[in-house]
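# An overview of the molecular structure
Spelled out from the first residue to the last, the chains are:
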Amino acid sequence: KHVVHLAAFGGWNGPHPPTFSNGSSLSGEKWCEVFMKFNEENDGLFDGIDWDYEGNDNLDAPTAKFTLETLDIMADFTTEAKSQGLIVSMAP
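Residues numbered from 1 in each chain as written. Predicted model: local features only at pLDDT ≥ 70, side-chain atom pairs only at ≥ 80, totals over all residues. Heavy atoms only, no water.

### Here's the deal with unusual backbone geometry
One non-glycine residue, Asn-13, lies in the positive phi region at around 65°. Counting through the fold element by element, Asn-13 comes out in the loop between strand 1 (6–11) and helix 1 (28–41). Taking the relative accessible area as the measure of exposure, Asn-13 reaches 37% and is therefore partly exposed. For Asp-43, which is not glycine, the phi dihedral falls at a positive 55°. Position of Asp-43 among the secondary structure elements: in the loop between helix 1 and strand 2 (48–53). Classification of Asp-43 as exposed rests on a relative accessible area of 76%. (Helix = DSSP H or I, 4+ residues; strand = E, 2+ residues; numbered from the N terminus. Buried < 20%, exposed > 50% of the residue type's maximum accessible area, 1.4 Å probe, protein only.)

### Details of the packing of helix 1 against helix 2 (residues 68–83)
To characterise two packed helices, one gives the angle between the axes of the helices and the distance between these axes. Between helix 1 and helix 2, whose axes approach to 7 Å, the crossing angle comes to 50°. Between helix 1 and helix 2, the crossing angle belongs to the class labelled oblique. Considering how the two elements wind past one another, helix 1 and helix 2 form a crossing that is right-handed. Together, Gly-28, Glu-29, Trp-31, Cys-32 and Phe-35 of helix 1 and Ile-73, Asp-76, Phe-77, Glu-80 and Ala-81 of helix 2 make up the contact between the two elements. (Axes fitted to C-alpha atoms, helices over the stretch in contact; angles between N-to-C directions. Parallel < 35°, antiparallel > 145°, perpendicular 65-115°, else oblique. Left-handed = near helix turned anticlockwise from the far one by under 90°. Contact = heavy atoms within 4.5 Å.)

### With respect to the pairing of strand 2
Within strand 2, five of the six residues are buried, leaving the element largely enclosed by the surrounding structure. Where strand 1 lies against strand 2, six bridges are found, and the strand directions are parallel. Across the sheet, residue Gly-10 finds its bridge partner in strand 2, namely Asp-52. Looking at chain direction, strand 2 and strand 3 (residues 87–90) are connected through four bridges and run parallel. Note on strand 3: the bridge partner recorded for Gly-48 is Ile-87. (Pairing = 2+ DSSP bridges.)

### A few points about the packing of aromatic side chains
Inspection of the entire model under this criterion finds ten aromatic pairs. On the basis of an interplanar angle of 55° and a centroid distance of 6.2 Å, the ring pair of Phe-35 and Phe-77 is categorised as tilted. One end of the pair, Phe-35, is in helix 1; the other, Phe-77, is in helix 2, with 42 residues separating them in the sequence. Given a relative accessible area of 7%, Phe-35 falls into the buried group. Measuring from centroid to centroid gives 5.3 Å for Trp-51 and Phe-77, while their planes differ by 75°, and the two rings are edge-to-face. With Trp-51 in strand 2 and Phe-77 in helix 2, this residue pair connects regions lying 26 residues apart in the sequence. What makes Trp-51 buried here is its relative accessible area of 4%. Its relative accessible area of 0% is what places Phe-77 among the buried residues. (Phe/Tyr/Trp six-rings, centres within 6.5 Å; stacked < 30°, edge-to-face > 60°.)

From the geometry alone we can't say anything about function, so treat these as descriptive.
This is the structure:
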């Protein structure tokens, strides 16, 4: 029986996808390509990913809020990952 393995991104007090002061960042599609390459180099260890972005104990921390850029990266990564046959999960 196959056991599904998901790579989790985030966690309480964990980092969000990087964005830079000029508003640029690694696109969700590009980030997915990097993940896919990593996964292929590791014999397809992961069947997909789990978005586990949460808040931060420090309400002034940049990861205490979700920016539009973060949500765009997540959406674009998810779209690309699903088109490649990966499982994408997220629980509220």
